[in-house]
Amino acid sequence: LSPQKDELEIQNQGRPLRLYGSQGEQRSLALCMRLAEARNLSEHQSEGAILLLDDVFSELDEERRARLLALLPSFAQVLVTSATPVDCREIAATVHRVENGQVRPAG
């Protein structure tokens with residue numbers, strides 16, 4: 001059994017991150033936990049996990065965005081959504097845009 005979110009308290013320098021952490025710090029922690037879970041699943045399954053990250057860049061600063069982008073190629077499959085354009089030229093990616101309810105290749 002895994003703990004429920006409300007049963008888990010993570011602290012930074014002895015203070016609960018939920019109360020004293022910035023939105024970016026809280027988002028980074030949640031993202032780290034998801035990435036660790038996906039990595040763990042991949043190591044214990046015959047196939048890699050599909051990592052789904054919805055609007056993951058919205059509260060991350062440029063440094064955290066770059067770190068995340070550098071990690072993504074290590075996963076078997078990743079689907080990322082973003083409300084704002086993201087420069088992902090450094091990684092092999094297929095990018096699509098949703099405009100007026102239609103999905104179209106970006107470019």
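Our subject is the structure listed above.
Predicted model, so just to flag it, every value in this text is computed and none were measured. (Residues numbered from 1 in each chain as written. Predicted model: local features only at pLDDT ≥ 70, side-chain atom pairs only at ≥ 80, totals over all residues. Heavy atoms only, no water.)

Caption draft 1: Here's a closer look at the nonpolar core. Core analysis: the biggest nonpolar cluster contains 14 residues, and Leu31, Leu51, Leu53 and Leu68 have the highest contact counts within it. Among the elements of the structure, α2 (23-44), β3 (50-53) and α3 (62-71) are those that each provide at least two residues to this core. The leading source of residues in this core is α2, at three residues. When sequence neighbours within four positions are dropped, the list of residues in contact with Leu51 reads Leu35, Ala38, Leu72, Phe75, Gln77, Val78 and Leu79. (Core = buried A, V, L, I, M, F, W, Y, C linked by side-chain atoms within 4.5 Å. Buried < 20%, exposed > 50% of the residue type's maximum accessible area, 1.4 Å probe, protein only. Helix = DSSP H or I, 4+ residues; strand = E, 2+ residues; numbered from the N terminus. Contact = heavy atoms within 4.5 Å.)

Caption draft 2: Spotlight on the pairing of strand β4 (residues 77-80). Bridging between β3 and β4 involves four bridges; their strand directions are parallel. Among the inter-strand pairings, Ile50 is bridged to a residue of β4, identified as Gln77. With α3 bridging β3 and its parallel neighbour β4, the resulting β-α-β unit is right-handed. (Pairing = 2+ DSSP bridges. Right-handed = clockwise from strand over helix to strand, strands pointing away.)

Caption draft 3: Molecular detail of the pattern of salt bridges. Here the structure, examined in full by the defined rule, presents four salt bridges. Here Arg65 ties to Glu62 by a salt bridge, and the two come within 3.5 Å at their closest N and O atoms. Residue Arg65 and its partner Glu62 are both found in helix α3; the two are separated by three residues, about one turn of the helix. For Glu62, a relative accessible area of 59% gives the class exposed. (Salt bridge = Lys/Arg side-chain N within 4 Å of Asp/Glu carboxyl O.)

Caption draft 4: Looking closely at a nonpolar patch on the surface. Taken together, Ile50, Leu52 and Leu79 make up a surface patch of nonpolar side chains, about 330 Å² in accessible area. Mapped onto the elements of the fold, Leu52 is located in strand β3. Note on Leu52: relative accessible area 59%, which makes it exposed. (Patch = residues over 30% accessible without salt bridge, like charges linked within 9 Å, V, L, I, M, F, W, Y side chains within 5 Å. Areas by Shrake-Rupley, 256 points an atom, 1.4 Å probe, with all protein chains shown as cover.)

Caption draft 5: Broad picture of α3. For α3, the set of buried residues is Arg65, Leu68 and Leu69. All buried residues of α3 project into a common sector of 100° when viewed along the axis, lining one side. Along α3, the residues that are exposed and aim more than 90 degrees away from the buried face are Arg67 and Ala70. (Arc of directions from axis to C-beta.)

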